[in-house]
Amino acid sequence: MNDARPLRVAIADDALLLREGIAKVLEGGGIEVVASVGTGDELLEVVGEGDVDVAVLDIRMPPSYRDEGIVALEQIRESGSTIGVLLLSMYATPEYALRVMGAGSGTGYLLKERVSEPQTLVRAVETVASGGSVVDPEVVEQLVKRTRADDPLSRLTERERSVLELMAQGYSNGGIAQTLFLGLKTVETHVRSILQKLDLEESPEHHRRVLAVLTLLGER
């Protein structure tokens, strides 16, 4: 990605007004909207042309209004594309979030109501564009409540748990430091401790930060 130009985003949602709202928010954040379409198939055509950094799309679209957006995400990844993909939904559905995060880094899941929070939406797009992962705070809260007694997350301190939850929401170490009023080196120490306690070893196939988020979501 060339930092000399703005991020280029394609939007897919069958609701025209929502697409226009998303476009307005992103353009206000200095992001270029290069395409606005109504179906997953149309989005895949746009992505296939190779001029997109991030795809922002609804989960439920024509023809069945079930999981077309996630299917599109999976097809994008199967094609070898590493563009950022941000899924939007009306509902905080943990099962959808697990599928989205299971697609690897550079993916996100947000509630559509975040469109009314310009900074949140823009930051999420920038995060997935850089290979990070984003999960809506409401979904994170639901998934945390599902933790089991033998959950590896039980090894974490309360502060480490707070750091991990912010990681899941797409915050960088600097963003976590500002949010929790901690020093950057302190946050880096917490992140290292989290990765060690969750037994996440570096490998060519996976990014440990993403694996830590998936652990929080209850699935490795």
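Residues numbered from 1 in each chain as written. Predicted model: local features only at pLDDT ≥ 70, side-chain atom pairs only at ≥ 80, totals over all residues. Heavy atoms only, no water.

Going by an unreviewed UniProt entry, the protein carries the name Response regulator transcription factor and comes from Agromyces mariniharenae.

Caption draft 1: How the structure looks around the overall build of the protein. In terms of helices and strands, the protein carries 10 helices and 6 strands. For the protein, with 220 residues in total, the buried portion stands at 50%. Summarising the internal contacts of the protein: among those between residues at least 6 apart in sequence, 64% fall at separations of at least 24. Summed over its atoms, the accessible surface of the protein is roughly 10,800 Å², and 48% of this surface lies on carbon and sulfur atoms. (Helix = DSSP H or I, 4+ residues; strand = E, 2+ residues; numbered from the N terminus. Buried < 20%, exposed > 50% of the residue type's maximum accessible area, 1.4 Å probe, protein only. Contact = heavy atoms within 4.5 Å. Areas by Shrake-Rupley, 256 points an atom, 1.4 Å probe, with all protein chains shown as cover.)

Caption draft 2: Structural context of the nonpolar core. With 52 residues, the main nonpolar core has Leu-43, Leu-57, Leu-164, Met-167, Ile-176 and Leu-198 as its most contacted residues. No other element matches helix α10 (residues 208-216), which puts 6 residues into this core. Split by domain, the residues of this core number at least three in each of domain 1 (8-147) and domain 2 (152-217). Counting 21 residues, the second largest nonpolar core, distinct from the first, contains Ile-22, Ala-23, Leu-26 and Leu-88. (Core = buried A, V, L, I, M, F, W, Y, C linked by side-chain atoms within 4.5 Å. Domains from an automatic or database assignment.)

Caption draft 3: Structural view of the UniProt feature "modified residue: 4-aspartylphosphate" (unreviewed entry) in the protein. Per the UniProt entry, the sites bearing "modified residue: 4-aspartylphosphate" (unreviewed entry) are Asp-58 in this numbering. As for its placement among the helices and strands, Asp-58 is situated in strand β3 (residues 54-58). Every residue in contact with Asp-58, bar those within four places of it in the chain, is listed here: Ala-12, Asp-13, Asp-14, Gly-69, Leu-87, Leu-88, Ser-89 and Lys-112. Here Arg-60 takes part through its backbone nitrogen, which lies 3.4 Å from a polar atom of the side chain of Asp-58. (UniProt positions renumbered as here; feature names shortened; annotations may be inferred. Polar contact = N/O pair within 3.5 Å; in protein donor to acceptor, adjacent residues only side chain to side chain.)

Caption draft 4: Expanded view of the packing of aromatic side chains. Inspection of the entire model under this criterion finds 0 aromatic pairs. Directly above the ring of Tyr-171 sits Arg-123, whose terminal nitrogen or CZ lies 4.3 Å from the centroid. (Phe/Tyr/Trp six-rings, centres within 6.5 Å; stacked < 30°, edge-to-face > 60°. Lys NZ or Arg CZ within 6 Å of the ring centre and 35° of its normal.)

Caption draft 5: Expanded view of the layout of surface pockets. The volume enclosed by the largest pocket comes to roughly 300 Å³. If you trace the largest pocket, you find 17 residues lining it, with Thr-127, Gly-132, Ser-133, Gly-170 and Arg-209 closest to the centre. Per-element accounting of the lining of the largest pocket gives the leading share, 3 residues, to α10. In terms of residue class, the lining of the largest pocket is made up of 4 nonpolar, 11 polar and 2 charged. When residues of the lining of the largest pocket are assigned to domains, at least three map to each of domain 1 (8-147) and domain 2 (152-217). (1 Å grid on protein atoms, 1.4 Å probe; cavity = no way out; pocket = protein on both sides within 12 Å on 5 of 7 lines; lining within 4 Å. Points joined across faces, edges and corners; volume = space filled by probe spheres on them. Nonpolar A, V, L, I, M, F, W, Y, C, P; charged D, E, K, R; others polar.)

Caption draft 6: Main features of the packing of helix α3 (residues 68-78) against helix α4 (residues 94-101). Look at α3 against α4: their axes get within 10 Å of each other, and the N-to-C directions meet at 10°. When the axis of α3 is compared with that of α4, the two are roughly parallel. Between α3 and α4 the crossing geometry is left-handed. Touching Ile-70, Val-71, Leu-73 and Glu-74 of α3 are Tyr-96, Arg-99 and Val-100, all from α4. Broken down by class, the residue content of the contact of α3 with α4 amounts to 5 nonpolar, no polar and 2 charged. (Axes fitted to C-alpha atoms, helices over the stretch in contact; angles between N-to-C directions. Parallel < 35°, antiparallel > 145°, perpendicular 65-115°, else oblique. Left-handed = near helix turned anticlockwise from the far one by under 90°.)

Caption draft 7: Representation of the side chain of Arg-19 within the structure. Mapped onto the fold, Arg-19 is located in helix α1 (residues 16-28). It turns out Arg-19 is buried and unbridged, and the closest side chain with the opposite charge, Asp-13, is 5.9 Å from it. At 2.7 Å, the side chain of Arg-19 and the side chain of Ser-36 are in polar contact. For Arg-19, the residues in contact, after removing those within four places along its chain, are Ile-11, Ala-12, Asp-13, Asp-14, Ser-36, Val-37 and Gly-38. (Lys, Arg positive; Asp, Glu negative; His and termini not counted. Salt bridge = Lys/Arg side-chain N within 4 Å of Asp/Glu carboxyl O.)

Caption draft 8: Representation of the sheet that holds strand β5 (residues 107-111). Read from one edge of the open sheet, 6 strands run β2-β1-β3-β4-β5-β6, paired in parallel fashion. For this open sheet the edge positions go to β2 (32-37) and β6 (134-135), each flanked by a neighbour on one side alone. The pairing of β3 with strand β4 (residues 84-89) spans 5 bridges and is parallel. The residue of β4 that forms the bridge with Leu-57 is Leu-87. The strands touched by α4 within the sheet are β4, β5 and β6, with β5 carrying the most contacts at an inclination of about 160°. (Pairing = 2+ DSSP bridges.)

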